[in-house]
Amino acid sequence: MAGGEKKRHPLSLWPGWYATLTYVAMVAALWCIFVYAPTEKAQGIVQRIFYFHVSSAMTMFVAFFVVFVASIIYLWKHADWWDQTAMSAAELGVLFCTLVLITGPIWGRPIWGVWWTWDPTLTLTLVLWLIYVAYLMLRADATDPRRARFAAVLGIVGFIDVPLIRWSIEKWRNLHPEPVVVQSGGTTGLPPAMMLTFLVSLAAFLLLFVFLLRQRMAVARRRHELEVLRHKVDEALFG
Amino acid sequence: MKNFWYLFSAYTIIWTALWAYVVYLSQANRALKQDIEALRAQLDNAIAANDASKKGSV
Amino acid sequence: MSVNGAFVRQAGAILAKDLKTEWRAREIFTSMFVFTVLVVVVFQFTIGSNPALIREVAAGVLWVALLFATVIGLQRAVQMEGEEDCLQGVLLAVQDRSALFLAKALANMIYLLVVSGCILPLFALWFRVDLTASLPALGVILALGIVGLSVLGTLFSLIVLNIRMREVMLPLLFLPVSVPLLIASVYATGDLIDGKTLADLRDYVILITVFDVVFLVLAVLIFDYVVEE
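(A) Looking closely at the overall build of chain A. Looking only at helices and strands, chain A has six helices and zero strands in total. Helices (α) and strands (β) of chain A occur, in sequence order from the N terminus, as α-α-α-α-α-α. Taking as baseline every contact in chain A between residues at least 6 positions apart, the subset at least 24 positions apart corresponds to 76%.

(B) Representation of the layout of surface pockets within the structure. Considered as a void within the structure, the second largest pocket measures approximately 760 Å³ in volume. Around the second largest pocket sit 27 residues that line it, and A:W172, C:G60, C:L182, C:V186 and C:Y187 are the ones nearest its centre. Those elements that provide at least two residues to the lining of the second largest pocket are helix 4 (120-141) and helix 5 (147-172) of chain A together with helix 3 (51-84), helix 7 (166-177) and helix 8 (179-193) of chain C. Considering only residue class, the lining of the second largest pocket consists of 19 nonpolar, four polar and four charged.

(C) Structural detail: the side chain of C:E22. Residues and elements named next belong to chain C. Looking at where E22 falls in the secondary structure, it is placed in helix 1 (residues 5-25). Buried and unpaired, E22 has no salt bridge, with R26 as the nearest side chain of opposite charge at 7.0 Å. Polar side-chain contacts of E22 include one of 3.2 Å to the backbone nitrogen of I28.

(D) Inspection of the interface of chain A and chain C at higher detail. On the side of chain C, 33 residues touch chain A, which itself brings 28 residues to the contact. For the pair chain A and chain C, the two sides together bury roughly 2,900 Å², of which 74% comes from carbon and sulfur. Along the contact surface separating chain A from chain C lie zero salt bridges. At the junction of chain A with chain C, the criterion picks out zero residue pairs in polar contact (both at pLDDT 80 or more). At the level of secondary structure, the elements contributing two or more residues to the side of chain A that touches chain C comprise helix 4 and helix 5 of chain A.

(E) Looking closely at the interface of chain B and chain A. Every contact between the two is made by 30 residues of chain B and, on the other side, 38 residues of chain A. In total, chain B and chain A occlude about 3,200 Å² of area from one another, counting both sides; carbon and sulfur atoms represent 79% of this. Of all residues in chain B, B:Y6, B:Y11 and B:Y21 bury the most surface against chain A, accounting for 20% of the area lost on that side. One can count one salt bridge joining chain B with chain A. The closest approach of N and O atoms between B:R40 and A:E225, which form a salt bridge, is 2.8 Å.

(F) Molecular detail of the packing of helix 5 of chain A against helix 9 (residues 202-227) of chain C. Interhelical geometry of helix 5 of chain A versus helix 9 of chain C gives an angle of 175° and a closest axis separation of 11 Å. The orientation of helix 5 of chain A relative to helix 9 of chain C falls into the category roughly antiparallel. Its residues assigned to classes, the contact of helix 5 of chain A with helix 9 of chain C comprises 19 nonpolar, one polar and four charged.

(G) How the structure looks around helix 3 (residues 80-112) of chain A. A rise of 1.5 Å per residue sets the reference length of helix 3 of chain A, with its 33 residues, at 48 Å; its end C-alpha atoms lie 46 Å apart and thus fit the reference within 8%. Of the residues one or two after helix 3 of chain A, A:G113 is the one with positive phi, at around 85°.

(H) How the structure looks around empty space enclosed by the protein. Residues and elements named next belong to chain C. For the structure shown, the criterion picks out two cavities of 30 Å³ or more. In this model, the second largest cavity occupies a volume close to 40 Å³. Lining the second largest cavity are L74, Q75, V78, V160, R166, E167 and L170. Those elements that provide at least two residues to the lining of the second largest cavity are helix 3 and helix 7.

(I) Representation of the pattern of salt bridges within the structure. Residue and element names in this part refer to chain C. All chains considered together, the criterion is met by seven salt bridges over all chains. Note that D18 is salt-bridged to K17, the shortest N-O span being 3.4 Å. Looking at K17, the relative accessible area reads 37%, which means it is partly exposed. Through salt bridges with shared partners, a single network forms among K17, D18 and K104.

(J) Structural detail: unusual backbone geometry. One non-glycine residue, A:H78, adopts positive backbone phi at about 60°. With respect to the helices and strands, A:H78 occurs in the loop between helix 2 (49-77) and helix 3. The exposure class of A:H78 is partly exposed, given its relative accessible area of 33%. A positive phi is found at C:R26, a non-glycine position, where the angle reads about 55°. Mapped onto the secondary structure, C:R26 falls in the loop between helix 1 and helix 2 (27-47). Classification of C:R26 by relative accessible area gives partly exposed; the value is 40%.

Thresholds applied
Residues numbered from 1 in each chain as written. Chains lettered and ligands numbered in written order. Predicted model: local features only at pLDDT ≥ 70, side-chain atom pairs only at ≥ 80, totals over all residues. Heavy atoms only, no water. Helix = DSSP H or I, 4+ residues; strand = E, 2+ residues; numbered from the N terminus. Contact = heavy atoms within 4.5 Å. 1 Å grid on protein atoms, 1.4 Å probe; cavity = no way out; pocket = protein on both sides within 12 Å on 5 of 7 lines; lining within 4 Å. Points joined across faces, edges and corners; volume = space filled by probe spheres on them. Nonpolar A, V, L, I, M, F, W, Y, C, P; charged D, E, K, R; others polar. Buried < 20%, exposed > 50% of the residue type's maximum accessible area, 1.4 Å probe, protein only. Lys, Arg positive; Asp, Glu negative; His and termini not counted. Salt bridge = Lys/Arg side-chain N within 4 Å of Asp/Glu carboxyl O. Polar contact = N/O pair within 3.5 Å; in protein donor to acceptor, adjacent residues only side chain to side chain. Buried area = accessible area lost by both parts, 1.4 Å probe. Axes fitted to C-alpha atoms, helices over the stretch in contact; angles between N-to-C directions. Parallel < 35°, antiparallel > 145°, perpendicular 65-115°, else oblique. Expected span 1.5 Å × (residues − 1).

That is the geometry; function is a separate question.
Written out as structure tokens, the structure is:
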């Protein structure tokens, strides 16, 4: 179509709008965290790390859950799309997991007085990081065409392992502050303004996760396309 | 503003990591786009050359 | 997946073949056993001579040794399959792929049980712990833990079979996922050394059993999908 104007499908405008929405949500979250939310009395301003720290942690679990579901469907249906979803979500999960592992100690240092404690939640996050980094290494290294299937097995095994790890570590040691978001009995331990701030942060992070997931999957799709093209060129030249 | 630097570094690290990841993604995307275009051109040339040699031999 | 006569026969045939090969060569057992002894001895050097400290870390050392022995044994088994490229042949021959998986896991279990049987006297001797009273309970914990180690390890070893960096990837995949099993087994064993009985360890026994059952069922369910052509 030389010089012809590209017809714009209404959906093609969506990525731009979506990016804008994510940006607005992130800025709103920052405004809530630094302007709207009151300073917590006991912990002081470092408590404000909580909003992004816990949002990252929840996004990480969402990411690993996506890996789990996509891996199951991939093993069942063998469609590339699901494999690309699992791989992209795993990479993002590791990214958010890394953020949790970095911001956790930064919050813990002034509160607990130490950079690291082997408390259940922090330890679980560390073990998850190790499992999913191994997943990414398996993806990066494998030369076997069945690597996607092997990675899917790890995606399933890793996620099923989560409650078991949690259970065993709780038996092992318990130092972490009680979960403050939802306490037993269904009442929330956070004052309303803090709760709202947390929910806005969480929404912003989930929007960001979906945005990054789409971008990462585009890269995965292109990589696949490139491999197919390489194969075709080889055939055309030498076949 | 006790512990200000902890708060500052936590948010700076998060933003830096996310920014770096987005840059990495867009660069990977751009490099892949270029590679794909180059390969497409190569493929077209190869097919054209094949056709030409077939015509020549007939 | 159906547990019928053919399934059991096939699994039994593969297991018998593996055990016969191993009986002749004794390669896997030797490397596992020597490695376990080595781990126990090396840990002795790093701990020092404080008897209370030695006693406290004894259970951990035993399980770390067994964990690494699993990796060593599986690596050797995978290497041998790779050298002879016989796994593909076996896969084509068996109708039910999970029979192959179960046979491999059982073989690893048997090696591990024999290794732990051989290492226990040395372990009791060097760590100066008296195991005679708690031997039956310790046997239960060891058997349950070894089932989990073998099932998970075998699944991962068959996954990394065709991977270039398989020697490195097997422990990288296997160690973090086996954390719950390791924690429960170590603390159960530690309690037994401290003179507690099996009844005190209910939580640990449940945890290890759940781990074993979950991964055994999962492995059997998905193994067909993993190796199908």
